[in-house]
Amino acid sequence: MEKRWFIPRINHGLAKSLSDGTSFSLILSQILINRRIETPEEAMSFLSPSMDNLFDPFLMNDMEKAAIRIKDAIENREKILTYGDYDVDGITGTALLLSILRGLNANVDYYIPHRLKEGYGLNVETIKRLKTKDPGLKLIVTVDCGTSSVEEVSLANSLGIDVIITDHHIPPITHRLPEAYAILNPNRVDSTYPFRDLAGVGVVFKLCQALASDSRLQSTGSFGTPDSRLIDLVALGTVADIVPLAGENRILVKAGLEALTREERTGIKILKKVSGFKGKSVSSGIISFCLAPRINAAGRIGDAGLGVRLLLTESEMEALEISETLDRLNRERQEIEERILHEALEKLGILKPESIKTRGYQFPNHDYSIILASPEWHMGVLGIVASRLTELFYRPAFLFCLKDNIAKGSARSIPNFHLHESLTECSDLLSSFGGHEFAAGLSMKEDNLENFRMKINEIIKNKLAEEDLIPKLRIDAKVDFRDINFNLINELASLSPFGLGNPEPVLGAKTVEVLYPRIVGDNHLKVKLRQDRIMLDGIGFNMGSLLNGEGVKIREGEKIDIAFTPSINEWEGGKTLQLEIKAIRPHR
């Protein structure tokens, strides 16, 4: 897809000042300034995140109330149930809370609802069944859900069950909050917590901090140091839930990735082997593309409880059995996903994803979004397919499964279009909805689909300019080949972990000559690139079609501009500089 190349305006004086005050290169200084990090103190804090800089958990609304209620339940041997969501965020949060509570000798168990049979969050019939099964149930602590569960919490209260909600989803503006014993959610309208972007597992972590701060409960150890064996769970859930990797999230993920690399958790160690991971260190990318999809597969098309068991087991035999099951479920999920994507594209009149030419494709009725539905689609993978359609067309995408005159679906969005806020404007057509800026779940009567399509497209039309519907390639800095060296690559690596809110840096170079272009492996573009007598290797993954004349055509001797990330290519014991090409355009 054609993109608008965008290079932020350079403040040369500020970049030089930051470079002089830190000994960083001008390039790294410029990238930091682009990310609103402008002083040496801010830079050092960002590049060396410390657990000591985490906020006091008691700054969060209802934290003291929640911690005291849980402590009383532990001391009185009351039955506690952790009720988690079926995605990686909920699974890791559930495993984290279970680990802490069991370490405190609590009478605790967990429950993860079935995605298709019970749906997201607390469920009225499930609460009744759980109470009937265990009349001694006195306290439910939710994980990554509950903020919109007004009816369900009211039922629990009537059954003599207190509910503590730990969640991070934006509360519905049109509804009141549940009458829970405590609501821990940094996105409450009245929130006093300094950081709103915690994942669900991050909110659970803050609760665990509060529990561990009491002198009577010090057996859990300190959460103020990165040594905690449980911090790996926080990194897993935070990265998987695609929340901004800034502020507290950056601190938690940085420490958690180090713990994941140390392989202290049996289940993760085995899952890494089963998934074929052979690297030395775990990055946020390894979580996103290797670990999280397999853990998520259980909740999408199987039993999400498998993920909790994997994260808690200390048996390598059990971990291997669960990991192999998750790997198989993930392959099944991929097959279902590909089928639904193909059917969705057929509904749009497209037979192959690679044939899409966005500027030449006319959306039905000049729509600004993709809204598709089918009674045959699997609810568990609609969010993934919606993401892929959003990437292909750069439009908000809404996919629905139709059953019993109900359209239940998932939505994904693009920058500058806040999904949750916009769905609030359509609340008169919706039975329920919830989510974030870029992702949401929603349901409505099937008869409302056409009215929803008309209304959401009108909202998008009014909120977005035409240029907002063309993806933007943000280039952190314009460089020359003489600037690229191993020291620069090491500097750029210090910006990790990468993800939403802190993307991997992309650099740009102009007037680059193409030499020896060829296709290697599975349609990858391999090329030598020369600028002012300096020659570097370039690799463009899945860009081999450029040699066949699709889009920008690569020819021997052609002058081009490139966007890339510099990297180190290790081969047969040697190390060479290599440019991972992100985009190419004719030199202008």
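Residues numbered from 1 in each chain as written. Predicted model: local features only at pLDDT ≥ 70, side-chain atom pairs only at ≥ 80, totals over all residues. Heavy atoms only, no water.

**Student:** Looking at this model, I keep getting lost on the sheet that holds strand 9 (residues 406-412). Mind explaining?
**Tutor:** Across a sheet, paired strands are connected by hydrogen bonds in the backbone, their directions being either parallel or antiparallel. Sheet architecture is open: five strands sit in the order 7-8-9-11-10, paired in mixed fashion. Two strands close off the open sheet at either side, each with one partner strand: strand 7 (370-374) and strand 10 (432-435). Taking the axes of each pair of neighbouring strands and ignoring which way they run, one obtains an average angle of 15 degrees across the sheet. When strand 9 meets strand 11 (residues 439-445), the two strands line up antiparallel, connected through seven bridges. Across the sheet, R412 pairs through a bridge with A439, a residue of strand 11. (Pairing = 2+ DSSP bridges. Helix = DSSP H or I, 4+ residues; strand = E, 2+ residues; numbered from the N terminus. Axes fitted to C-alpha atoms, helices over the stretch in contact; angles between N-to-C directions.)

**Student:** It is not clear to me how the packing of helix 9 (residues 231-240) against helix 10 (residues 247-262) should be interpreted in this structure. Could you clarify?
**Tutor:** To describe two helices that pack against each other, one gives the angle between their axes and the distance between the axes. In contact at an axis separation of 7 Å, helix 9 and helix 10 are set at 120 degrees when each is read in the N-to-C sense. Looking at the two axes, helix 9 sits oblique to helix 10. When you trace helix 9 past helix 10, the crossing you get is left-handed. Every residue of helix 10 that contacts helix 9 at I231, D232, V234, A235, L236, T238 and V239 is listed here: N249, L252, V253, A255, G256, L257, A259 and L260. By residue class, the composition of the contact of helix 9 with helix 10 is eleven nonpolar, three polar and one charged. (Parallel < 35°, antiparallel > 145°, perpendicular 65-115°, else oblique. Left-handed = near helix turned anticlockwise from the far one by under 90°. Contact = heavy atoms within 4.5 Å. Nonpolar A, V, L, I, M, F, W, Y, C, P; charged D, E, K, R; others polar.)

**Student:** Is there a simple way to explain the side chain of T147 in this structure?
**Tutor:** Summarising the element assignment, T147 is placed in the loop between strand 4 (137-143) and helix 7 (150-158). Residue classification places T147 among the buried positions, given a relative accessible area of 4%. Separated by 2.7 Å, the side chains of T147 and D167 make a polar contact. Here the side chain of T147 touches N185 through a polar contact of 2.9 Å, side chain to side chain. In this view, T147 contacts I165, D167, H169, P171, L177, P178 and N185; residues no more than four positions away in its chain are not counted. (Buried < 20%, exposed > 50% of the residue type's maximum accessible area, 1.4 Å probe, protein only. Polar contact = N/O pair within 3.5 Å; in protein donor to acceptor, adjacent residues only side chain to side chain.)

**Student:** Please explain the pairing of strand 14 (residues 507-520) as it appears in this structure.
**Tutor:** Regular strands place their side chains on alternate faces of the sheet. Relative to strand 14, strand 13 (residues 477-478) is paired through two bridges, and the arrangement is parallel. Opposite A477, over in strand 14, you have L507 as the bridge partner. When strand 14 meets strand 17 (residues 559-571), the two strands line up antiparallel, connected through five bridges. Looking at the pairing, E513 lines up with K559 of strand 17. Pairing of strand 14 with strand 15 (residues 524-531), which is carried by six bridges, proceeds in the antiparallel orientation. Bridge pairing in strand 15 places I519 opposite L525. Between the antiparallel neighbours strand 14 and strand 15 lie three residues, among them G521 with a positive phi of about 55 degrees.

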